[in-house]
Amino acid sequence: QVQLVESGGGLVQAGGSLRLSCAASRSTFSINVMGWHRQAPGKQRELVAGIDSGGSTNYVDSVKGRFTISRDNAKNTVYLQMTSLQPEDTAVYYCYAETFFRNRYWGQGTQVTVSS
């Protein structure tokens, strides 16, 4: 089992920045992929960004150039730096972790609200 605890969400004006953090309950060396999904009201959950154990990253097109994902294995933590936030980025952001055995775990979610 892996418990994930997110932090860093909140309310920000359009054009502002936030950094989300997700701390895992055990060493991230046992985890292959970590990342973030988001779900806006009335919409399906979508992948925002992911980073694998080798440091390779992927992003949904709508956040490329604005969001940066990183991970610190020494702190068992993955981060999502979000800049140039827009109202359409408003959503609940969920951290996830996938082990090398393909088991996936989710955090409880953190709300990000961007006002226009």
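Since the structure is predicted, the reported quantities are computational estimates derived from the model, not experimental observations.

Caption draft 1: Inspection of the overall build of the chain at higher detail. When helices and strands are tallied, the chain shows zero helices and 11 strands. From first element to last, N terminus to C terminus, the chain shows the α and β order β-β-β-β-β-β-β-β-β-β-β. For 116 residues, the compact-globule estimate of 2.2 N^0.38 gives 13 Å, and the chain sits close to it at 13 Å. Here the chain, with 116 residues, has 45% of them falling under the buried criterion. Here the analysis covers contacts within the chain between residues at least 6 apart in sequence; of these, 54% occur between residues at least 24 apart. In the form shown here, the chain has an accessible surface area of approximately 6,000 Å², with 47% of it arising from carbon and sulfur atoms. Taking the average location of the 11 positive side-chain charges in the chain and that of its 8 negative ones, the two points are 3 Å from each other.

Caption draft 2: A look at the pattern of salt bridges. On inspection of all chains with the given rule, the structure shows five salt bridges. Notably, a salt bridge pairs Arg-38 with Asp-89, separated by 3.0 Å at the nearest N-O pair. Of this pair, Arg-38 sits in strand E4 (residues 31-39) while Asp-89 sits in the loop between strand E8 (77-82) and strand E9 (91-99), and the two are 51 residues apart along the sequence. Among the ionic pairs, Lys-64 bridges to Asp-61, the shortest N-O distance being 2.9 Å. On the accessibility criterion, Lys-64 (49% relative accessible area) is partly exposed. Salt bridges linked by common partners bring Arg-38, Glu-46, Arg-66 and Asp-89 together as one network.

Caption draft 3: The arrangement of the side chain of Glu-6 in detail. One can find Glu-6 in strand E1 (residues 4-7). Polar contacts involving the side chain of Glu-6 include one to the main-chain amide nitrogen of Gln-108, which spans 3.0 Å. Of note is the side chain of Glu-6, whose polar atom sits 2.7 Å from the backbone nitrogen of Gly-109. Sequence-distant contacts of Glu-6, defined by excluding residues within four places in its chain, comprise Ser-21, Cys-22, Trp-36, Tyr-93, Tyr-94, Cys-95, Gly-107, Gln-108, Gly-109 and Thr-110.

Rules of the game
Residues numbered from 1 in each chain as written. Predicted model: local features only at pLDDT ≥ 70, side-chain atom pairs only at ≥ 80, totals over all residues. Heavy atoms only, no water. Helix = DSSP H or I, 4+ residues; strand = E, 2+ residues; numbered from the N terminus. Rg over C-alpha atoms; globule rule 2.2 N^0.38 Å. Buried < 20%, exposed > 50% of the residue type's maximum accessible area, 1.4 Å probe, protein only. Contact = heavy atoms within 4.5 Å. Areas by Shrake-Rupley, 256 points an atom, 1.4 Å probe, with all protein chains shown as cover. Lys, Arg positive; Asp, Glu negative; His and termini not counted. Charge placed at Lys NZ, Arg CZ, Asp CG, Glu CD. Salt bridge = Lys/Arg side-chain N within 4 Å of Asp/Glu carboxyl O. Polar contact = N/O pair within 3.5 Å; in protein donor to acceptor, adjacent residues only side chain to side chain.

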